[in-house]
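Chain residues, written in single-letter form:
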4 protein chains.
Amino acid sequence: METNDQQQESFKEKVKHFFQGDWKRKLHRIIYEADTPLGKLFDVILLILILLSVLFVMLESVRTIDERFHQVLYIGEWVITIFFTFEYIARIITIKKPSKYIFSFYGIIDFLSTIPLYLSFILVGSNYLLTVRALRLLRVFRILKVTRYVGESNKLVKALRDSRPKIFIFLFAVLIISIIAGTLMYLIEGEASGFKSIPASVYWCIVTLTTVGFGDIAPVTPMGQFIAAIIMIMGYGIIAVPTGIVSAEYAKSMEKKNQDDPSYVHVNTHACWSCGALKHRDDADYCHRCGEMLDPEDEF
Amino acid sequence: METNDQQQESFKEKVKHFFQGDWKRKLHRIIYEADTPLGKLFDVILLILILLSVLFVMLESVRTIDERFHQVLYIGEWVITIFFTFEYIARIITIKKPSKYIFSFYGIIDFLSTIPLYLSFILVGSNYLLTVRALRLLRVFRILKVTRYVGESNKLVKALRDSRPKIFIFLFAVLIISIIAGTLMYLIEGEASGFKSIPASVYWCIVTLTTVGFGDIAPVTPMGQFIAAIIMIMGYGIIAVPTGIVSAEYAKSMEKKNQDDPSYVHVNTHACWSCGALKHRDDADYCHRCGEMLDPEDEF
Amino acid sequence: METNDQQQESFKEKVKHFFQGDWKRKLHRIIYEADTPLGKLFDVILLILILLSVLFVMLESVRTIDERFHQVLYIGEWVITIFFTFEYIARIITIKKPSKYIFSFYGIIDFLSTIPLYLSFILVGSNYLLTVRALRLLRVFRILKVTRYVGESNKLVKALRDSRPKIFIFLFAVLIISIIAGTLMYLIEGEASGFKSIPASVYWCIVTLTTVGFGDIAPVTPMGQFIAAIIMIMGYGIIAVPTGIVSAEYAKSMEKKNQDDPSYVHVNTHACWSCGALKHRDDADYCHRCGEMLDPEDEF
Amino acid sequence: METNDQQQESFKEKVKHFFQGDWKRKLHRIIYEADTPLGKLFDVILLILILLSVLFVMLESVRTIDERFHQVLYIGEWVITIFFTFEYIARIITIKKPSKYIFSFYGIIDFLSTIPLYLSFILVGSNYLLTVRALRLLRVFRILKVTRYVGESNKLVKALRDSRPKIFIFLFAVLIISIIAGTLMYLIEGEASGFKSIPASVYWCIVTLTTVGFGDIAPVTPMGQFIAAIIMIMGYGIIAVPTGIVSAEYAKSMEKKNQDDPSYVHVNTHACWSCGALKHRDDADYCHRCGEMLDPEDEF
């Protein structure tokens, strides 16, 4: 609770302090930006609260812990949720075009991570949906050297986007293989060994192709095991495909930069006849060292 | 059923409408091509029907669902199968060389995805084979920007084909390792811990090498666990091989494009008879070094 | 048995036929080489016999099958073993330096794949070691377009050899991690949940790091599951390393060829002023098309 | 015990022999360096002792073995620990700045791998922590052709460091996905099938995403299995990312060498004041186009 309390403190002060002068702009700078020390502080506190609240929700689901600390967790959740509610409202009133924030990616996440607890009055168990707050952690990138990470993640996203059609084909193949192999297994194994229905077999097929292999369902008939072996080796080969694609695409996206880097030109092995300087540009007519005209006949 | 009905409607209309004028050509264009709006519509309906029928077959295998909706599913299957039957016949009569279609990849799939239900009168359970219809989903590529996807899949296929000999060697290694390690495990573990026979042990070995690891069979003796550990680490190393191959091959297939970079031309091994300069372009008539005409007879 | 019998036939004939004239050289050519039709036939028969014998041994270990076909399998094994024995002797007497064959890779395999059955009189169960015959299947490469496959496998082997030091470091890391993490899990989980001893925990660690995950041993305490999660994610990252290494090394080994391909030279975008021909070599002084001297000033 | 005894011998002799003349420097050379034969010998003995002690600790945890050989193992551990204690002290007294060693990576490891046994008087079971000695095995690199391996491992480390931000983003994604998917599974599956709490579900999610798949917890409801399938396929795609990254980074780190290809030089953005030609070499004094001297003041 300790940390939690001090959060509230800092929160109260901030609130008090803002409601004088052009508080809207001030508030906006603090809530939306991480450049001012106060803004940074705010984001850090926010992250801590998010982590705490996610932790609370997770712990609450553990019976033994819930029995002991139910009160603490319950209050904690509410305190944080109320804070988030105020924050959400603040975000809306301190921005010019509220609609723009409300329907933005973060806006929707913020809303979704505030509402469930209120819903829990009507819908039992919906408070667990608070873990969607984990998504709010994405704000962490605002505090880290954003550019760098964002740059990287963009590279990743690009690599993934470039290989989308391939991935699509790949998933399509996995699906078709799973359906057909699943049916086969269903017919061979029968209900005895967990292949209770075709959907269940398809589920097993995906578990196997992805090399997860829970073992909750497993073939017992020699024939079934034989087919399973084939499926596995197939999955083994298949796993190579997306990896290969991504790494190739990713490598390409990296090479791009080096390749058309304009600050590199090809140089040949001509030697200037007056100063002997080497490494002239292919299109050089004069020595870059002594200014003497280069001998066009001069071959190496 | 709703969607299913309207399919039939549109189907009936189409049929009615075609039997005037040169209906064969019309029908052909609609069934075989996806360029005309009607052709596109037809393919879309086809895909929906395929998905539906696969879904029906899968659901029918789930007892709880089958008990409730047996009638619906049964009728649904038949309606779609009859539609497919008509479609199959239509494909045959509207094409010049029926044999060419019948023995084509799609022709065979279409046949296989129609016959099982009729067989189910004779062979019980064979109706489940209807899931082979999933293969018909490959038609989806006809509606999507085919070229692009086909292009990609060709690249993939090419990458896989290029690395076939390696993959072959690789599978060969896996097989031999599995057989020998399997026997070893059988001798060490004995029947107690699920290694009932060498084939079973080999199956376990494949399950382990592919990192699937169901756990339905698992070593219990320290010695067995030791060998298992070695097998796993081997499998771990082995998994690197196909992935490495595919990604390398795939990367190469991408670079290919770069290679026929216009600023590189192929040079031959002609030697200029006057100055002996080498590496002339294939289409060179004069020596790039001395300007002497190259001997056109001089072929190697 | 049928195939098996005819093998013997062809074998007997061969034998009869050889014992006239310089039979040693003849025999040598047939046994050691796969160029002559007879040599090829011999190798093909050999492969079939190897496959058969491996199959026999495997089936014999399946109780249900063994009970029914014990006689058949037993005789089959002996027939093939005797054939292999004769072959082994033949290989020794038809080669100049027997020692050279005996201690060669294949020589040892051939011996190991012949002896177990004889040992089975003394050592019960040793006949199962006959599956080592699987190694003899490597001879298949003699019949296939060897060069090509050997070439490929050499490339693979080279890639693996080049990345040996890395792989070594990698395995070393895996081992140390496993030992320490294993001890930790043993202390945390205790005997209750299968972590009976440190070696067992280390075994579990390897099972987990390699993402095999049998599940015969699995953490039950929250703390144990937490550490397990960390181990898994580590294993997840670790799996990337050998794959990355191999694919990079392999890619390099492929690029090698393309890179220093001497039949490609860089061409520039000069245009001959008399004939306008393009794509001249960087060091070209005369147009390769019309022999006109190229303007050294001519810049693009 | 035999080997163990002789270790002590050689140890005693060494000790005796050193305490005459400038023994500190001698000792230092032997303990810290592996160049002198004696130094090498010392390191080899050290490694053997480390392996032995780790082995002892592991075996001691196996009840059956411990019951039989408790005495042996117990004494063995103590003998080795005492040797390590002396070694540790020796390392401190023979180095100029002891603090430098004590707080170095190896210094801490050496301390941690000596203390646990002494602690075991106070803390029961802490002696198992002796397995931390496994870390001491890293000294092996001192005996192997260090440079080479260190070089390799540096390359690896570099590749990993370069891809740190990506890996971070990647782990971040895995974590968030696990939390949200875990909650979902908890709500869908309920306590029945092992999803006892959200943390447990998150643990399951990580087990699944990493394709380990113990199967100790597994979904049973169709809905749960459906979501699980999606998670697996996601994990399947995700596994491609770190592998792709590492291999790409690694490949780059290898290409680096190629990059400082001598036929490429860096060019700056100077503009010749007479002809305005650009892209002059950094060390160019004259314009490669017009031969005019470049303005040395002209810096950007």
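Treat the numbers as computed from the prediction; the structure is a model and nothing was measured.

Rules behind the numbers
- Residues numbered from 1 in each chain as written.
- Chains lettered and ligands numbered in written order.
- Predicted model: local features only at pLDDT ≥ 70, side-chain atom pairs only at ≥ 80, totals over all residues.
- Heavy atoms only, no water.
- Helix = DSSP H or I, 4+ residues; strand = E, 2+ residues; numbered from the N terminus.
- Buried < 20%, exposed > 50% of the residue type's maximum accessible area, 1.4 Å probe, protein only.
- Contact = heavy atoms within 4.5 Å.
- Areas by Shrake-Rupley, 256 points an atom, 1.4 Å probe, with all protein chains shown as cover.
- Least-squares fit on C-alpha atoms with pLDDT ≥ 70 in both.
- 1 Å grid on protein atoms, 1.4 Å probe; cavity = no way out; pocket = protein on both sides within 12 Å on 5 of 7 lines; lining within 4 Å.
- Points joined across faces, edges and corners; volume = space filled by probe spheres on them.
- Nonpolar A, V, L, I, M, F, W, Y, C, P; charged D, E, K, R; others polar.
- Salt bridge = Lys/Arg side-chain N within 4 Å of Asp/Glu carboxyl O.
- Buried area = accessible area lost by both parts, 1.4 Å probe.
- Polar contact = N/O pair within 3.5 Å; in protein donor to acceptor, adjacent residues only side chain to side chain.

So, on to the overall build of chain A. Of regular secondary structure, chain A possesses 12 helices and 1 strand. Sorting the 300 residues of chain A into buried and exposed places 49% on the buried side. Look at the contacts in chain A between residues 6 or more apart in sequence, and 54% of them connect residues 24 or more apart. With an accessible surface of roughly 14100 Å², chain A has 69% of that area assigned to carbon and sulfur atoms.

All right, on to the relation of the copies chain B and chain A then. Structural alignment of chain B on chain A gives an RMSD of 0.1 Å, achieved by rotating through 90 degrees and translating 0.0 Å along the axis. The superposition operator between the copies reduces to a four-fold rotation axis. By residue overlap, the copies meet through two different surfaces: only 12% of the interface positions of chain B are interface positions in chain A.

Under the defined criterion, the tally for this structure stands at 4 cavities of 30 Å³ or more. In this structure, the largest cavity spans a volume of roughly 110 Å³. Forming the walls of the largest cavity are A:T211, A:I239, A:T243, B:T211, B:I239, B:T243, C:T211, C:I239, C:T243, D:T211, D:I239 and D:T243. Contributing elements (two or more residues each) for the lining of the largest cavity: helix 12 (222-259) of chain A, helix 12 (222-259) of chain B, helix 12 (222-259) of chain C together with helix 12 (222-259) of chain D. Residues belonging to the lining of the largest cavity are distributed by class as follows: 4 nonpolar, 8 polar and no charged.

Residue and element names in this part refer to chain A. Counted by the stated rule, this structure contains 8 salt bridges over all chains. A salt bridge links E87 to R91, with the nearest nitrogen and oxygen atoms 2.6 Å apart. Here the residue E87 and the residue R91 both occupy positions in helix 4 (residues 63-93), the gap between them amounting to 4 residues, near one helical turn.

With that out of the way, let us pick up the interface of chain B and chain A. Every contact between the two is made by 48 residues of chain B and, on the other side, 44 residues of chain A. The junction of chain B with chain A conceals about 3900 Å² of combined surface from both sides, 77% of it contributed by carbon and sulfur atoms. Together, B:M58, B:Y203 and B:F214 form the three largest contributors to the area buried by chain B at its contact with chain A, with a combined 16%. Linking chain B with chain A are 0 salt bridges, by the criterion used here. Counting across the chain B and chain A interface gives 1 residue pair in polar contact (both at pLDDT 80 or more). Sorting the residues of the side of chain B that touches chain A by element identifies helix 3 (37-60), helix 8 (140-143), helix 9 (146-162), helix 10 (164-189), helix 11 (198-209) and helix 12 of chain B as the ones contributing at least two each.

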